[in-house]
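# Close look at the chain arrangement
Here is what each chain is made of, one letter per residue.
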Amino acid sequence: MQKAEHVLGLPVFAIDTGKCVGEVRDLLFNEHWRLEGILLEEKGFFKKGEMVPSQQIVAIGEDCISIASEEVIQPFPDFSYITMLRGDQTLKGKMVYTVNGKELGQIQDVYFQPELGMILGYELSDGFMADVMEGRQVLRHPAQLAWGKDALIVPHDAESVEP
């Protein structure tokens, strides 16, 4: 299991040449909460960036991400993904509420399984003081989840787990 926060900023290396082809700028998830790829840092001011599809990622390690070759890098497409940091559908900072109106907190990080590409859970914050005094809560990814412009809505019995 990986935290998105630990993957962001990692260098990406092409195995065939040993060349660093960029750094992870963001994670790209689809509407089924599966990892679709990684967004690489932008090389120029007006460039949209480039992506590596998840099928082309050889490994997501502690210190770097490996891809087979530089040829697997693609231009970033125009359609939107659910992302951690950038774009119209970002996870970090999104509020989470239950269907019966209870505020669970704000998403600070995402736990995912690199091998399967699935989101497993969300690290939630109740504010700085609560984080310091009680620690952050981890919400297991529920089977039913509504994505809204301003919040994620989860079932009233959504489970918290120990981090």
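A short tour of the structure in this document, coming up. (Residues numbered from 1 in each chain as written. Predicted model: local features only at pLDDT ≥ 70, side-chain atom pairs only at ≥ 80, totals over all residues. Heavy atoms only, no water.)

This part is about the environment of Ala-14. Mapped onto the secondary structure, Ala-14 falls in strand β2 (residues 11-14). Distance in space between the C-alpha atoms of Ala-14 and Glu-70 is 5.8 Å, their sequence separation being 56 residues. When neighbours within four sequence positions are excluded, Ala-14 is seen to be in contact with Lys-19, Val-21, Ile-67, Ala-68, Ser-69 and Glu-70. (Helix = DSSP H or I, 4+ residues; strand = E, 2+ residues; numbered from the N terminus. Contact = heavy atoms within 4.5 Å.)

Here we take up the packing of aromatic side chains. One pass over the full model with this rule turns up three aromatic pairs. On the basis of an interplanar angle of 80 degrees and a centroid distance of 6.2 Å, the ring pair of Phe-29 and Phe-112 is categorised as edge-to-face. With Phe-29 in strand β3 (residues 20-29) and Phe-112 in strand β11 (residues 103-113), this pair connects stretches of sequence that are 83 residues apart. Just as Phe-29 is buried, Phe-112 falls in that class too. (Phe/Tyr/Trp six-rings, centres within 6.5 Å; stacked < 30°, edge-to-face > 60°. Buried < 20%, exposed > 50% of the residue type's maximum accessible area, 1.4 Å probe, protein only.)

Below, the discussion takes up the state of the cysteines. Following the criterion strictly, the structure yields zero disulfides and no others. Among the cysteines around Cys-20, which has no disulfide bond, Cys-64 carries the closest sulfur, lying 8.8 Å off. The exposure class assigned to Cys-64 is partly exposed, which follows from its relative accessible area of 24%. (Disulfide = S-S within 2.5 Å.)

Here the focus is the environment of Val-21. Along the polypeptide, Val-21 turns up in strand β3. Along the sequence, Val-21 and Pro-11 sit 10 residues apart, while their C-alpha atoms lie 7.6 Å from each other.

On to the pattern of salt bridges, then. Should their charged atoms come close, side chains of opposite charge can pair. Tallying each qualifying case throughout the model produces three salt bridges. Among the salt bridges present, the one from Asp-109 reaches Lys-3, with a minimum N-O distance of 4.0 Å. Of this pair, Asp-109 sits in strand β11 while Lys-3 sits in strand β1 (residues 2-3), and the two are 106 residues apart along the sequence. Summarising the burial analysis for this pair, Asp-109 and Lys-3 share the class buried. Of the charged contacts, one joins Glu-123 and Lys-3 as a salt bridge, the two residues approaching to 3.1 Å between their closest N and O atoms. With Glu-123 in strand β12 (residues 118-125) and Lys-3 in strand β1, this pair connects stretches of sequence that are 120 residues apart. A single burial state applies to Glu-123 and to Lys-3, both of which are buried. Here the residues in one salt-bridge network are Lys-3, Asp-109 and Glu-123, joined through shared partners. (Salt bridge = Lys/Arg side-chain N within 4 Å of Asp/Glu carboxyl O.)

By themselves, these observations are geometric and do not establish any function.
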